[in-house]
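Inside the fold
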Amino acid sequence: MSKSLSEAVRTRIRALRSTARFSQFVGVGTVGATVDNVVLFLLVQRTGLGLAWAKLIAWELGIVVIFVINEQWTFSSHGEDGIGPLGRRFIRSNAVRFGGLLVTLAVLTVLTEQFGVWFMAANVIGIAVGFFVNYTCESLYTWQVHQE
């Protein structure tokens, strides 16, 4: 590994190790997971939507809430000002979190269909599995915290 690549990796690891930012991300993620779970439960129990469609809708609503709070609190000192940069961060955030959604959907599907786990418990487990991927990618890609 070259010295510059090695330093780039160390810089990113230091940025991810921010206890304050990680704690904020956990808090915001808890709010988003709550939105996701409440909407998922209501859509599955009160509509004719299948689990996958209900999850997609619940996920996007949770992502919007998470993005707004992260933008205003967790990562408020990162990223350029203006509607253009904000829009690009929102699109990047959705793209990054799409990976988390795929993880969550895979866990949700396997746990419910293969193991008979209640869909709400499976959803919480799936969210937890995708959390660290989301934290890493959001920090480094969406808000680029390593460029402080």
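In what follows, the structure referred to is the one given above.
Note that the structure is predicted; figures quoted are calculated from it, not measured. (Residues numbered from 1 in each chain as written. Predicted model: local features only at pLDDT ≥ 70, side-chain atom pairs only at ≥ 80, totals over all residues. Heavy atoms only, no water.)

Regarding the layout of surface pockets
- A volume near 390 Å³ is recorded for the largest pocket.
- Considering the residues around the largest pocket, the lining is formed by 23 residues, among which Gly29, Ala33, Ile66, Ile127 and Phe131 are closest to the centre.
- No other element matches the eight residues that helix α2 (residues 19-46) contributes to the lining of the largest pocket.
- Partitioned by chemical class, the residues of the lining of the largest pocket number 11 nonpolar, nine polar and three charged. (1 Å grid on protein atoms, 1.4 Å probe; cavity = no way out; pocket = protein on both sides within 12 Å on 5 of 7 lines; lining within 4 Å. Points joined across faces, edges and corners; volume = space filled by probe spheres on them. Helix = DSSP H or I, 4+ residues; strand = E, 2+ residues; numbered from the N terminus. Nonpolar A, V, L, I, M, F, W, Y, C, P; charged D, E, K, R; others polar.)

Re the packing of helix α4 (residues 83-115) against helix α5 (residues 119-142)
- Taken N-terminus to C-terminus, the directions of α4 and α5 make an angle of 150 degrees; their axes are 8 Å apart at the nearest point. Here α4 is positioned roughly antiparallel relative to α5, judged by the angle of their axes. Crossing of α4 against α5: the hand is right-handed. (Axes fitted to C-alpha atoms, helices over the stretch in contact; angles between N-to-C directions. Parallel < 35°, antiparallel > 145°, perpendicular 65-115°, else oblique. Left-handed = near helix turned anticlockwise from the far one by under 90°.)

Digging into helix α3 (residues 51-74)
- Within the span of α3, buried status applies to Ala54, Lys55, Ala58, Trp59, Gly62, Ile63, Ile66, Phe67, Asn70, Glu71 and Thr74.
- Contacts from the buried residues of α3 go to α2, α4 and α5. (Buried < 20%, exposed > 50% of the residue type's maximum accessible area, 1.4 Å probe, protein only. Contact = heavy atoms within 4.5 Å.)

Topic: the packing of aromatic side chains
- Overall, the coordinates contain eight aromatic pairs when judged by the stated rule.
- Ring centres of phenylalanine 41 and phenylalanine 119 lie 6.5 Å apart, and the angle between their planes is 10 degrees; this geometry places the pair in the stacked category. Of this pair, phenylalanine 41 sits in helix α2 while phenylalanine 119 sits in helix α5; the two residues are 78 residues apart in sequence, bridging distant segments of the chain.
- Judged by relative accessible area, phenylalanine 41 falls into the partly exposed class, the value being 34%.
- You can call phenylalanine 119 buried: its relative accessible area is 11%.
- Ring centres of phenylalanine 67 and phenylalanine 90 lie 5.1 Å apart, and the angle between their planes is 80 degrees; on these two criteria the pair is classed as edge-to-face. Placement of phenylalanine 67 in helix α3 and of phenylalanine 90 in helix α4 is noted, with a sequence separation of 23 residues between them.
- Taking relative accessible area as the criterion, phenylalanine 67 reaches 6% and is therefore assigned buried. (Phe/Tyr/Trp six-rings, centres within 6.5 Å; stacked < 30°, edge-to-face > 60°.)

That's the geometry; what it means functionally is another story.
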